[in-house]
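Report on the structure
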Amino acid sequence: MTLWHGRFGDGGPAAELLAYTVSLPFDRRLAPDDLACSRAHVRGLERGGILTPDELDVILTALGQVQQELEGDSFVFAPGDEDIHTAIERRVTELAGPTGAKLHTGRSRNDQVATDLRLYAKRELLALAERVRELETTLFERALEVGDAYLPGYTHLQRAQPVLLAHHLLAHGWALGRDLDRLLATRERLDVSPLGAGALAGSSLPLDPDGVAVDLGFAGRFENSLDAVADRDFVAEALFDLALLGVHLSRLGEEIVLWTTEEFGFLHLADAYATGSSMLPQKKNPDIAELARGKSGRLIGHLTGLLTTLKGLPLSYNRDLQEDKEPLFDAVDQVGLALSALNGLMATSRFDIDRMQAAADTPAAAAVDLAEMLVSNGMPFRDAHTVVGGLVRDSLARHVPLAELVEAHPALGAPAVELLAPGVAVHRRTTPGGAGPGPVTVQLGRFRSHLATQGERLNRASGAPVSGKTHRSR
Ligand code: ARG
């Protein structure tokens with residue numbers, strides 16, 4: 001029996017209808033939010049005089065029992081339970097009889113499911129933001145630990161200029177920092193209670209949407225009942241934030257894949273964070289990094305899928321909206337797993353600083369320093385570029401060391417040869433935000449405050465103190 005059988009004939013819904021339309025297999029995870037939503041709703045009904053204090057008690061007791069059954073896995077789902085909302089209401093009515101049958105007064109599954117999903121998103125986006133900060137913290141700690149170690153910086157995946165390893169690690173850190181900002185901003189925007197919007201138009205009964213919003217810990221209530229039940233922009237925003245975070249993790253993953261090749265040899269994974277081959281005994285594979293790269297595809301798919309679902313829908317609720325949940329749940333799960341796995345990998349892997357530095361210490365990596373020296377002596381940069389480019393070309397064509405040609409050049413000479421020595425070029429990146437030790441020291445200080453500020457923001461958002469220090473919680 002469904003909850004909406006009243007208007008229908010005796011035969012009950014077709015098995016195919018139920019099989020196709022049920023959402024219970026995936027919306028079960030909204031149970032804690034649905035229970036919270038029902039408690040706040042009945043307390044509002046009691047304030048409005050629709051339930052007596054005794055009736056309120058009876059329903060709250062039944063909800064408590066349902067919670068115990070769900071948590072203890074003893075809750076028995078019935079064939080007609082289309083979704084978690086119907087299942088809980090059915091059980092409350094079984095337990096509390098006619099009083100239980102008052103639970104759904106003034107409420108629709110339309111405002112209920114929107115409320116549940118906002119509660120879920122508030123909690124999960126905050127939890128993910130905390131994990132983003134953990135990965136940022138790991139990158140920061142590794143950046144501190146590697147000091148002045150440097151490696152080639154790349155453009156077009158061709159060696160370009162040496163950069164500090166700390167600088168490279170923090171480049172990923174700042175990107176993740178913006179991901180965290182986005183998650184918190186989305187969370188603030190979705191912090192609105194839809195409960196009291198009813199099916200689409202509100203109610204004739206004395207509901208208390210404002211009080212219910214406060215009870216549920218929302219920052220406020222909906223302004224428009226149609227908008228409250230019809231829009232899933234908050235899900236789309238969350239999916240965008242997670243897709244972009246996934247893209248950032250994918251790019252980090254791609255570098256881990258490259259760096260762990262024998263060709264690069266910049267990074268060695270801890271055994272616990274690498275996989276073997278079923279056939280080739282010598283293999284050590286970076287599967288976590290590859291999946292961080294691979295799974296970003298489905299995160300982007302979830303975003304485009306939901307936007308496509310939403311784009312043609314007339315106001316207000318349409319069953320199409322049920323398609324909001326699986327992508328959100330999957331994105332939350334996958335990003336959470338990726339953050340933890342990459343965090344462990346980054347915390348435990350070993351950098352091969354000698355290989356990195358050797359790769360960065362090719363004389364050509366200091367080419368721009370030669371040009372900049374000519375510029376300091378008054379030569380226009382375009383001319384300096386041509387001079388140094390010519391020397392590099394000569395050196396390659398005639399197999400003469402660049403240093404010899406530099407020494408022999410009238411505008412360069414012995415002082416310029418010093419620029420080609422190992423480790424010199426990276427020290428010359430002195431401008432603010434640049435890749436050398438001077439600005440990177442400043443940057444590390446700023447990143448430390450950035451982590452502290454984020455910690456405070458997360459504290460405020462969760463309403464409970466989380467660790468204010470920058471240490472990993474593992
Ligand atoms: N399972 C539904 C969903 O996720 C709940 C809302 C059903 N509302 C309705 N009018 N059939 O959207």
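Everything below is about the structure shown above.
Below is a short write-up of the structure. (Residues numbered from 1 in each chain as written. Predicted model: local features only at pLDDT ≥ 70, side-chain atom pairs only at ≥ 80, totals over all residues. Heavy atoms only, no water.)

**Looking at the environment of P401**
The cut-off we apply is this: Strands here mean DSSP runs of E at least two residues long; helices mean DSSP runs of H or I at least four residues long; both are numbered from the N terminus.
Structurally, P401 is set in the loop between α15 (381–398) and α16 (402–408). Put simply, P401 and L391 are 10 residues apart on the chain and 9.8 Å apart in space, counted from C-alpha to C-alpha.

**Concerning the pattern of salt bridges**
Put simply, the test is: In what follows, salt bridge is the name for a side-chain nitrogen of Lys or Arg lying within 4 Å of a carboxyl oxygen of Asp or Glu. Remark: exposure states derive from per-residue accessible area (1.4 Å probe, protein chains only) relative to the maximum for the residue type, with buried under 20%, exposed over 50%, and partly exposed in between.
Taken as a whole and judged by the stated rule, the model has 29 salt bridges. Between R428 and D369 there is a salt bridge, with the nearest N and O atoms lying 2.7 Å from each other. Of this pair, R428 sits in the loop between α18 (424–427) and α19 (437–462) while D369 sits in helix α14 (residues 367–376); the two residues are 59 residues apart in sequence, bridging distant segments of the chain. R428 sits in the partly exposed class, given a relative accessible area of 33%. Ionic pairing is found between D369 and R429, a salt bridge with its closest N-O pair at 3.1 Å. In this pair, D369 sits in helix α14 while R429 sits in the loop between α18 and α19, placing the two residues 60 residues apart along the sequence. Taking the relative accessible area as the measure of exposure, D369 reaches 0% and is therefore buried. Taking relative accessible area as the criterion, R429 reaches 12% and is therefore assigned buried. Via salt bridges that share partners, E69, D81, R90, R91 and E94 belong to a single interconnected network.

**Describing the pairing of strand β1 (residues 150–155)**
Successive residues of a regular strand alternate their side chains across the two faces of the sheet. Spelled out, the test is: Think of it this way: DSSP has to see at least two bridges between two strands before they count as a pair.
Bridge analysis of β1 against strand β2 (residues 158–164) gives six bridges, and the strand direction is antiparallel. Opposite P152, over in β2, you have P162 as the bridge partner. The loop that links β1 with its antiparallel partner β2 comprises two residues; one of these, H156, has a positive phi angle of about 55°.

**A look at the packing of aromatic side chains**
The following threshold applies: Note on aromatic contacts: the rings of Phe and Tyr and the six-membered ring of Trp form a pair at centre separations within 6.5 Å, being stacked when their planes are under 30 degrees apart, edge-to-face when over 60 apart, and tilted otherwise. Definition used: whenever NZ (Lys) or CZ (Arg) falls within 6 Å of the ring centre and also within 35 degrees of the ring normal, the charge is taken to sit over that ring.
Counted according to the given criterion, the structure contains seven aromatic pairs. Summarising the aromatic geometry, the rings of F75 and F77 are spaced 4.7 Å apart at their centres and angled 50° between planes, so their arrangement reads as tilted. Judged by its relative accessible area of 9%, F75 is buried. For F77, a relative accessible area of 24% translates into the label partly exposed. A centroid spacing of 5.2 Å and a plane angle of 85° characterise the contact between F264 and F266, whose relative ring orientation is edge-to-face. Across the pair, exposure class does not vary: F264 and F266 are buried alike. Taken together, the ring pairs in this structure connect Y154, W259, F264 and F266 into an aromatic cluster. The aromatic ring of F222 is capped on one face by R221, whose charged end is 6.0 Å from the ring centroid.

**Focus: empty space enclosed by the protein**
Empty space among the atoms becomes apparent when a probe as large as a water molecule is rolled across them. Filter applied, for reference: With a 1 Å grid laid over protein atoms only, a set of points is called a cavity when a 1.4 Å probe fits there but cannot get out and a pocket when it is open yet has protein on both sides within 12 Å along at least five of seven lines; lining residues have an atom within 4 Å of a point. Grid points are joined across faces, edges and corners, and a volume is the space filled by probe spheres set on the points. Note on residue classes: Ala, Val, Leu, Ile, Met, Phe, Trp, Tyr, Cys and Pro are nonpolar, Asp, Glu, Lys and Arg are charged, and everything else, Gly too, is polar.
Taken as a whole and judged by the stated rule, the model has three cavities of 30 Å³ or more. As a volume, the largest cavity reaches approximately 80 Å³. Lining the largest cavity are 16 residues, with A360, D361, A421, G423 and A425 sitting closest to its centre. With three residues, α18 is the single largest residue contributor to the lining of the largest cavity. Here the residues of the lining of the largest cavity are counted per class, giving 13 nonpolar, two polar and one charged.

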